[in-house]
Amino acid sequence: GSAMAAGGDNVVFDEQRFKVASGVIEFTTRLSTTWQERPFIKAVVAPFVKQYNPRAEHRGLPLVHVEGLQRVEVDGVQAQLKDSKAAAVQVVPVGSRRVELFFGEPPPKLLKVEVASAEVNVKVTLDERWLTKSFSAALVVPFLSVYNRRRGGRSLSPDDLTDALVDGRKIGASTCKAAAEMPVLQVLGYCPSRVHLFFGSLADERAASSSRGSNFYARIGQYSVAQYRELKELAWEYKELTSEDGKIIARQLRNAAPLQHLKYLYLYYNDLRDEGIIALAPVLTQPHLPRLEQLYLHHNRISSKGVEALASLSNPSPKLNILSLHENAIDDFGLRALASAVDAKTFCVDKVTLWANPATSAAGRETFLAVVAHSEFVAPVHSRGPTPYIPYDHTPQRWVTPDDVKGV
């Protein structure tokens with residue numbers, strides 16, 4: 001059958017014979033015609049790992065795992081291992097002399113990831129059984145079972161998937177259909193935290209300048225000037241607010257200004273877009289909102305045009321300790337505009353969250369961090385704490401301050 005001997009073994013066999021190596025350790029393997037037709041993983045890789053690990057442990061080298069196989073080279077040329085069932089002879093043709101195996105970390109046995117589309121967020125846990133499935137079967141189909149139930153109306157199917165973002169890395173429309181049938185780990189990698197799915201629209205379309213209609217009065221209602229002036233926070237997230245609603249909010253805040261108590265403004269996961277931010281920016285100033293500390297604008301389809309307006313029109317800005325702009329469509333132009341305003345001290349902020357803005361470059365991120373050092377371009381992972389966070393039930397969370405308990 002399949003046999004493997006140390007490199008110094010010079011016994012000649014009629015079967016196919018070649019060296020198998022990983023790093024400094026190598027063995028000779030012999031395959032009968034029967035074993036040549038068996039899967040490469042079973043006929044070559046598994047026996048090699050079984051021989052390799054005792055010797056590696058003796059030498060103080062890291063152990064390897066069959067599941068951690070990342071690349072195969074046959075006589076110095078990378079081999080195409082299409083799937084785990086590929087026959088050994090297909091990977092190592094007769095006459096080959098040397099096979100080099102390259103191992104990495106073994107795949108996880110359990111994966112937890114947040115999957116989102118529109119205002120629906122679902123935490124998905126994939127065990128070993130689900131990690132063997134395709135991206136569509138393991139992630140898209142289970143997510144849609146929740147999405148369709150929550151949203152109502154026309155049910156979406158996996159075929160409606162047009163675009164995806166994996167921790168800000170774009171899987172574009174040209175490759176999305178193929179990616180849907182690829183193994184889920186190949187699409188997600190070994191430690192993803194957040195996946196955005198787009199159905200019937202493209203991720204790049206998030207930057208369209210304006211959205212139609214208004215939902216403010218239907219989803220929020222009417223506030224009096226007196227009510228505005230007493231509020232410490234406005235939690236208007238997940239309200240389907242549009243660009244037109246941005247104008248309504250700006251008008252109402254301006255009429256009630258100055259809002260001496262307002263510290264927290266939650267407008268994330270809406271559809272304000274650039275026109276909504278352009279309308280809001282002149283009101284997001286120190287004279288109008290003198291005590292504002294936290295401004296959440298993530299997932300609003302904002303492009304650099306909206307960020308430039310925020311940087312130039314919110315002058316002087318309140319002293320923000322956090323501004324969330326992640327999950328938008330901002331590029332380096334927006335980063336430069338905001339960094340310039342911060343550097344000029346016309347816009348004051350300690351930390352900006354900017355992950356999942358795929359158009360930003362490494363150079364743009366580096367330049368921005370030189371000005372706003374505590375900003376984040378990588379999404380926080382579970383157990384990263386102890387930073388305040390927005391939990392999955394969408395309730396804004398923050399640390400209790402002395403002002404919150406004054407007089408209690």
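Scroll up to find the structure this text is about.
Since the model is a prediction, treat every value here as computed from it, not as a measurement.

Caption draft 1: Examining the nonpolar core more closely. If you look at the biggest cluster of nonpolar residues, it comprises 46 residues, and the most contacted ones within it are Leu-297, Leu-323 and Leu-325. At the level of elements, helix H10 (243–256), helix H11 (273–280), helix H12 (304–313) and helix H13 (332–343) are the ones that each hand at least two residues to this core. Contacts of Leu-325, omitting those with residues within four sequence positions, involve Leu-297, His-298, Ile-302, Val-307, Ile-330, Leu-338, Val-352, Thr-353, Leu-354 and Asn-357. Residues Phe-135, Val-146, Cys-176 and Ala-179 belong to the second largest nonpolar core, which totals 30 residues.

Caption draft 2: View of H12. All of the buried residues along H12 are Ser-304, Gly-306, Val-307, Ala-309, Leu-310 and Ala-311. Buried positions along H12 lie against H11, strand E16 (322–324) and H13.

Caption draft 3: Spatial organisation of the pairing of strand E4 (residues 69–74). Relative to strand E6 (residues 98–103), E4 runs antiparallel, the two being bridged by 5 bridges. Bridging from a neighbouring strand, Val-74 pairs with Val-99 of E6. Inspection of the sheet shows E4 paired to strand E5 (residues 77–78) by 2 bridges, in the antiparallel sense. Bridging across to E5, Glu-73 finds its partner in Gln-78. Here E4 folds back onto E5, and the loop between the two strands holds 2 residues, one of which, Asp-75, carries a positive phi near 55 degrees.

Caption draft 4: Just the packing of aromatic side chains, in detail. In this structure the tally under the stated criterion is 15 aromatic pairs. Taking the centre distance of 5.6 Å and the plane angle of 70 degrees together, the rings of Tyr-223 and Trp-236 count as edge-to-face. Of this pair, Tyr-223 sits in the loop between helix H8 (216–219) and helix H9 (225–230) while Trp-236 is found in the loop between strand E12 (233–235) and H10, placing the two residues 13 residues apart along the sequence. Geometrically, the ring pair formed by Tyr-238 and Tyr-268 is edge-to-face, given 5.9 Å between the ring centres and 90 degrees between the ring planes.

Cut-offs used in this document
Residues numbered from 1 in each chain as written. Predicted model: local features only at pLDDT ≥ 70, side-chain atom pairs only at ≥ 80, totals over all residues. Heavy atoms only, no water. Core = buried A, V, L, I, M, F, W, Y, C linked by side-chain atoms within 4.5 Å. Buried < 20%, exposed > 50% of the residue type's maximum accessible area, 1.4 Å probe, protein only. Helix = DSSP H or I, 4+ residues; strand = E, 2+ residues; numbered from the N terminus. Contact = heavy atoms within 4.5 Å. Pairing = 2+ DSSP bridges. Phe/Tyr/Trp six-rings, centres within 6.5 Å; stacked < 30°, edge-to-face > 60°.

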